[in-house]
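Chain residues, written in single-letter form:
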Amino acid sequence: MNIQPESLFAALANPTRLRCLVLLVAHDELCVCELTHATGAAQPTISRHLAQLREAGLVSDRREGLWIYYRVHAELPEWASQVLEQTALGVGERAPFIHDRKRLGQMPNRPGAACCA
């Protein structure tokens, strides 16, 4: 996989995409509803940003029934994975990232328990 540094850093420069990536680094996989709940952003906004991340090759998705689940792309180059991991580690205890993680942890009916119904 050939990720360009410009694509990665452009993704990180947008606050919504950065928040989604930080959450995805910390979790194997999240559905759109979880990212929407955690960030407080509207579903169309989250979906648009996730589509941009997918087009850049940073995330992959899978469908399960009506839901779409996202994860950090498994075939990212090592340098890109390290940038994402270190970014998440560096900002994870700061606002708004810590609040996103807390809201996600408090979300009722998360996937695996009939999410988004």
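Residues numbered from 1 in each chain as written. Predicted model: local features only at pLDDT ≥ 70, side-chain atom pairs only at ≥ 80, totals over all residues. Heavy atoms only, no water.

> Honestly, the overall build of the protein chain in this entry has me stumped. Any pointers?
Each helix and strand in the protein chain was counted, giving six helices and three strands. Its helices and strands taken in sequence order, the protein chain reads α-α-β-α-α-β-β-α-α from the N to the C terminus. Expected size for 117 residues packed as a compact globule is a radius of gyration near 13 Å; at 13 Å, the protein chain falls within 12% of this value. Projected onto its principal axes, the C-alpha positions of the protein chain cover 40 × 30 × 20 Å. Counting only residues that meet the buried cut, the protein chain has 43% of its 117 residues in that class. Long-range pairs, those at least 24 residues apart, make up 63% of the contacts in the protein chain with a sequence separation of at least 6. Only carbon and sulfur atoms are counted for the fraction: they give 51% of the accessible area of the protein chain, which is about 6,500 Å². (Helix = DSSP H or I, 4+ residues; strand = E, 2+ residues; numbered from the N terminus. Rg over C-alpha atoms; globule rule 2.2 N^0.38 Å. Buried < 20%, exposed > 50% of the residue type's maximum accessible area, 1.4 Å probe, protein only. Contact = heavy atoms within 4.5 Å. Areas by Shrake-Rupley, 256 points an atom, 1.4 Å probe, with all protein chains shown as cover.)

> Quick question: what am I supposed to make of the sheet that holds strand β1 (residues 30–31) here?
In spatial order, the strands read β1-β3-β2; together these three strands make up an open sheet with antiparallel pairing. In this open sheet, the two strands that pair with only one neighbour each are β1 and β2 (59–64). (Pairing = 2+ DSSP bridges.)

> What exactly am I supposed to notice about the packing of helix α3 (residues 32–39) against helix α6 (residues 97–105) here?
Each pair of packed helices can be summarised by the angle the axes make with each other and by the distance between the axes. α6 packs onto α3 with a crossing angle of 125 degrees between their chain directions and a minimal axis gap of 7 Å. When the axes of α3 and α6 are compared, the pair comes out oblique. The way α3 lies across α6 gives a crossing that is right-handed. Contacts from E34, H37, A38 and T39 in α3 reach D100, R103 and L104 in α6. (Axes fitted to C-alpha atoms, helices over the stretch in contact; angles between N-to-C directions. Parallel < 35°, antiparallel > 145°, perpendicular 65-115°, else oblique. Left-handed = near helix turned anticlockwise from the far one by under 90°.)

> Help me understand the pairing of strand β3 (residues 67–72) in this model?
The side chains of a regular strand alternate, first on one face of the sheet and then on the other. By the bridge criterion, two bridges tie β1 to β3 in an arrangement that is antiparallel. The partner of L30 across the bridge, within β3, is Y70. Alignment of β2 against β3, held across six bridges, turns out to be antiparallel. Each residue of the ladder has a partner; that of S60, found in β3, is R71. In textbook terms, the turn of a hairpin is the stretch between consecutive antiparallel strands, and for β2 and β3 this stretch comprises two residues, one of which, G65, has a positive phi near 65 degrees.

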